[in-house]
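Architecture and fold: a report
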Amino acid sequence: MAGGVAKNDQRRLAEVAGLERDRALLGRASTAERVADILRDRIAEGYFAPGARLSEESIGRALGVSRNTLREAFRLLTHERLLVHELNRGVFVRVVTVEDLDDIYRVRMLVECAAVRGLGKGPYDDRVRETLAAIEAAVQAGEAASGERAWQDLSTANIRFHQGIVALAGSPRTDELMRGVLAELRLVFHVMADPRRFHAPYLTRNRQIVEALQAGDAAEAERLLGSYLEDSRVQLSGAYARRIAEQ
């Protein structure tokens, strides 16, 4: 039992260690929204695993924020479905359900395909070209990560790819919406613990989509993306349902 407690303490120390470096990001105006931004990114990156309890004391100390500010950040992330509050137990990183996963893909299909469809035929303006450059960079990062067998980096590059697709719409509100949706999706991949299986096969398809966009063929890019998302949903939901049943 003592060994288990020690391991838990070590894990909690590792979870908050990186947050001290994030303290500088808060600037002079430490707000709950900015704390929520940091924690959202950390959850998406896997620093806090699904089902993990978040310690108010250790996180608040690492970020140098008050308990009230941290609790407000927790409330915001609970509203985004990334955290859950359990009475008399604390705040935990949420475990996504199979039904949630299907709904996540429903939202992705609506938003990502619409972002591509809205481009029409090229040539595109400077804003779109800049976004396409970011999408290309995400594809290259994924290809490099695959070559180095850095599977978590591959997972991150894939998320960046889809954030870029959403950014094609040029809508800050849509970007904000999808940050939460994609962070919630990342929780699914943390449970699966096999990013190679679920990301590597789609590298070629990412490349095909970005090349269609660079060629100014938004209709072809949308067709490729719609097929991609549906295949991904079917593959992931079946595997995730089996994984959840095993726990």
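Up top you'll find the structure we're talking about.
These notes cover the structure that comes with them. (Residues numbered from 1 in each chain as written. Predicted model: local features only at pLDDT ≥ 70, side-chain atom pairs only at ≥ 80, totals over all residues. Heavy atoms only, no water.)

On to the overall build of the protein chain, then. The secondary structure content of the protein chain amounts to 12 helices and 3 strands. Out of the 247 residues in the protein chain, the part that is buried amounts to 45%. Excluding contacts between residues fewer than 6 apart, the proportion of contacts in the protein chain whose partners are at least 24 apart in sequence is 75%. Here the protein chain displays about 12,800 Å² of accessible surface, and carbon together with sulfur accounts for 50% of that area. (Helix = DSSP H or I, 4+ residues; strand = E, 2+ residues; numbered from the N terminus. Buried < 20%, exposed > 50% of the residue type's maximum accessible area, 1.4 Å probe, protein only. Contact = heavy atoms within 4.5 Å. Areas by Shrake-Rupley, 256 points an atom, 1.4 Å probe, with all protein chains shown as cover.)

What follows concerns the packing of aromatic side chains. Summed over the entire model, instances satisfying the criterion amount to 2 aromatic pairs. Geometrically, the ring pair formed by Phe189 and Phe198 is tilted, given 6.3 Å between the ring centres and 55° between the ring planes. Phe189 sits in the buried class, given a relative accessible area of 9%. Above the face of the Tyr47 ring, Arg42 is positioned so that its terminal group lies 4.1 Å from the ring centre. (Phe/Tyr/Trp six-rings, centres within 6.5 Å; stacked < 30°, edge-to-face > 60°. Lys NZ or Arg CZ within 6 Å of the ring centre and 35° of its normal.)

What follows is about helix α4 (residues 56-63). Taken as a whole, α4 has its buried residues at Ser58, Ile59, Gly60, Ala62 and Leu63. Positive backbone phi, approximately 70°, marks Gly64, located one or two places after α4.

A few words now on the packing of helix α8 (residues 151-167) against helix α11 (residues 203-214). Between α8 and α11, the least distance of the axes is 12 Å, while the angle of their chain directions is 25°. Taken together, the axis directions place α8 and α11 in an arrangement best described as roughly parallel. Considering only the axes of α8 and α11, their crossing is left-handed. Packed against α8, whose contacting residues are Leu154, Asn158, Phe161 and Ile165, the element α11 presents Leu203, Asn206, Ile209 and Leu213 at the interface. (Axes fitted to C-alpha atoms, helices over the stretch in contact; angles between N-to-C directions. Parallel < 35°, antiparallel > 145°, perpendicular 65-115°, else oblique. Left-handed = near helix turned anticlockwise from the far one by under 90°.)

Because an α-helix completes one turn every 3.6 residues, residues spaced three or four positions apart along the sequence face the same direction. Here α8 contains 17 residues, and its C-alpha end-to-end distance of 24 Å stays within 8% of the 24 Å for a straight helix at 1.5 Å per residue. Packed against the buried residues of α8 are α6 (98-117), α7 (126-147), α9 (172-192), α10 (195-199), α11 and α12 (218-246). (Expected span 1.5 Å × (residues − 1).)

Turning our attention to the sheet that holds strand β1 (residues 53-54). Taken together, the 3 strands give an open sheet; going across it, the order is β1-β3-β2, and neighbouring strands pair in antiparallel fashion. Looking at the sheet topology across the chains shown, the edges are occupied by β1 and β2 (83-86). Where β1 and strand β3 (residues 90-93) come together, 2 bridges link them in antiparallel fashion. The residue of β3 that forms the bridge with Leu54 is Val91. (Pairing = 2+ DSSP bridges.)

Assignment of secondary structure puts Glu136 in helix α7. With near-sequence residues (within four places) excluded, Glu136 lies in contact with Arg207, Val210 and Gln214.

Here we come to the environment of Gly180. Positionally, Gly180 belongs in helix α9. Through-space distance from the C-alpha of Gly180 to that of Arg40 is 7.8 Å; in sequence the pair is 140 residues apart. If we ignore the near neighbours within four places in the chain, the residues touching Gly180 are Glu80 and Leu82.

Honestly, that's just the spatial picture; any functional story needs more than this.
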